[in-house]
Every structure is written in structure tokens, then in C-alpha cells.
Amino acid sequence: MKFKGSDNYVATQDLMLAVNAAITLKRPLLVKGEPGTGKTMLAEEVAQALELPLLQWHIKSTTKAQQGLYEYDAVSRLRDSQLADVDGGERVKNIHNYILKGVLWQAFTAEEPVALLIDEIDKADIEFPNDLLREIDRMEFYCYETRELIRAKHRPLVFITSNNEKELPDAFLRRCFFHYIKFPDTTTMKQIVDVHFPGLKQELLTAAMKTFYDVPKTFRSKRCKARKTRWQCHRWSARC
């Protein structure tokens, strides 16, 4: 498998190199970058280009690592046990009926190779990445309720995205292949616009891009001036 870009996604040479390196090394690809730089879309486009089914796990602040593996629905089993006289309790006897398979379980037991997206991992608690160290590294985990080892039939192609809101543990980073998506320069941005808005007038595109790139410069300049003013005030107050 080798990713060579797609018609709907403008991938730079270094990004394609990172994707193919992660595939060759069989490591998860950790992608960081500013919001809107195409981190989530990268996984979708790579999966489509390589003709792999894509499983997505979108992380929230309340997400726990266990949810990606499985969850045991003890409440439903208790309720069914109280109604055991209806069907003889056959459903209650089989604990597999109350195991809710998570995205990792589905990816590990898939009959064909799949792509797996763990989106915005930095939204979760700081211990979230540590709780997935063994599963990401060895591609297996143990289900204590059913007493079985769930091992990946085919190693999935794993994409992990982060907006860099929190620092990830070093032990987790060592298990990933890292790539930072830089904010597109003017040349790359023109290619992106041409993909999504073909036939756009060149005069309009030039004017829009000039305004688009001038706004951050103005913001950074004002922020630097504000920092310099605060620093000068601090020095003045220290002398007094």
C-alpha cells in the first residue's frame, strides 16, 4: 500500500512521505496541526485511496479509553435476569450478548484490513493515551468478562489527530510516527482552492488570499506590540 494523494485532497510531499512511512513501519500516524488543516480529512482520503474501510472514533472530554475496547452492559443483564421466565433465561446465560464492542475491537476482529481514526485525542483526560499504550503497541487486549484475548487479525492503519491543546505522554509518542501539518503557504492554498472551487476568477482569488494572509500578520504584530508594552511597563515598575 502506498498513498500518492487524491483528487479531493492536496497532500504535500512531506505529508505523503509521513503516511507511507507509517504504513511501512506499521506504526500509528500521529498528526498535529492547527484546526482546519485537514487532519481528519487525511484519514478519510487515505482510506478511500487505499480502498480500506474507515472506522472513526471521535474523542470528547468525557471519553474513556475502555469505551474504545468494549463496555459490559450489566444493567441490561440484570433486567433480563428478572424476566428470565419469559424466554427461559437463555439470553442471560450468554455474557457475549451484553458486551458492547468498541471501535478498537471492531478494527481488530475485522476480516479485512481497515483504517482507524482516533480523532482529537488531546480532548480527553491526560491519562487517556496512557490507557491505550499496550493496545496500540501490541494490537491486542484482554476481555475479562468473556475471558478471551482479542488480537488483531490484520494490523489496522491507525491515524491519530491532535490540535495540540495538551501535551501527550512521551511513552505514547514513542509508539507513533509523528507529523505536523503546517499551515498552507500561498502556493498550496491556491491548489486547495482550485480543487474545491474550480474556475474561480484569478483576480478574485488573488485579492481574497491577500486579505486572508494579511489578517494573521496584523494580529501577530499587535500581539507583539502588546507584549513589548507589558515588558516595558514591568521594567519601569521594577526600577521604581
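Going by the structure above, here's the rest.
Notes on the structure in this doc start here. The structure presented is a predicted model; accordingly, all values stated were derived computationally and were not measured.

## Points about helix α11 (residues 186-196)
Next up, step 1: Listing the buried residues of α11 in full gives Thr 188, Met 189 and Val 193. Here the buried residues of α11 occupy an arc of 140° about the axis, which is enough to place them on one side.

## Brief notes about the side chain of Asp 80
Next up, step 1: Along the polypeptide, Asp 80 turns up in helix α4 (residues 74-82).
Next up, step 2: On the basis of relative accessibility, which here comes to 16%, the residue Asp 80 falls in the buried class.

## Concerning the sheet that holds strand β1 (residues 29-33)
Next up, step 1: As summarised here, the arrangement of the five strands in space is β2-β5-β8-β1-β9, forming an open sheet in which the pairing is parallel. The strands lining the two open edges of the sheet, one partner per strand, are β2 (54-58) and β9 (177-181). Taken over all neighbouring pairs, the strand axes of this sheet differ in orientation by 20° on average, direction set aside.
Next up, step 2: Relative to strand β8 (residues 157-162), β1 is paired through four bridges, and the arrangement is parallel. Bridged to Val 31 within β8 is Thr 161.
Next up, step 3: Sheet strands in contact with helix α1 (residues 13-25) are β1, β8 and β9, and its direction is about 165° off that of β9.

## What about the environment of Leu 55?
Next up, step 1: The residue Leu 55 is located in strand β2 in this model.
Next up, step 2: Placed 11 residues apart in sequence, Leu 55 and Glu 44 show a C-alpha to C-alpha distance of 9.5 Å.
Next up, step 3: Those residues in contact with Leu 55 that lie beyond four places of it in its chain are Val 103, Gln 106, Ala 107, Val 114, Ala 115, Leu 116 and Leu 117.

## Some points on the pattern of salt bridges
It is possible for side chains of opposite charge to pair when their charged atoms get near one another.
Next up, step 1: Here the structure, examined in full by the defined rule, presents seven salt bridges.
Next up, step 2: Between Lys 153 and Glu 111 there is a salt bridge, with the nearest N and O atoms lying 2.7 Å from each other. Of this pair, Lys 153 sits in the loop between β7 (148-151) and β8 while Glu 111 sits in the loop between α7 (103-108) and β5 (115-119); the two residues are 42 residues apart in sequence, bridging distant segments of the chain.
Next up, step 3: The class of Lys 153 is partly exposed, set by a relative accessible area of 48%.
Next up, step 4: With relative accessibility at 64%, the residue Glu 111 sits in the exposed group.
Next up, step 5: Note that Glu 140 and Arg 134 form a salt bridge whose closest N and O atoms lie 3.4 Å from each other.
Next up, step 6: Overall, Glu 140 belongs to the buried group, its relative accessible area being 11%.
Next up, step 7: A residue is classified by how much of its surface remains accessible, and Arg 134, at 43% relative accessible area, is partly exposed.
Next up, step 8: Salt bridges sharing common partners tie together Arg 79, Asp 80 and Arg 91.

## Here's the deal with the pairing of β5
Next up, step 1: Most of β5 sits out of view: five of its five residues are buried.
Next up, step 2: With five bridges joining them, β2 and β5 adopt parallel strand pairing. Opposite His 58, over in β5, you have Asp 119 as the bridge partner.
Next up, step 3: Examined bridge by bridge, β5 and β8 share four bridges and lie parallel to one another. Bridge pairing in β8 links Leu 117 to Phe 159.

Scoring rules and cut-offs
- Residues numbered from 1 in each chain as written.
- Predicted model: local features only at pLDDT ≥ 70, side-chain atom pairs only at ≥ 80, totals over all residues.
- Heavy atoms only, no water.
- Buried < 20%, exposed > 50% of the residue type's maximum accessible area, 1.4 Å probe, protein only.
- Helix = DSSP H or I, 4+ residues; strand = E, 2+ residues; numbered from the N terminus.
- Arc of directions from axis to C-beta.
- Pairing = 2+ DSSP bridges.
- Axes fitted to C-alpha atoms, helices over the stretch in contact; angles between N-to-C directions.
- Contact = heavy atoms within 4.5 Å.
- Salt bridge = Lys/Arg side-chain N within 4 Å of Asp/Glu carboxyl O.

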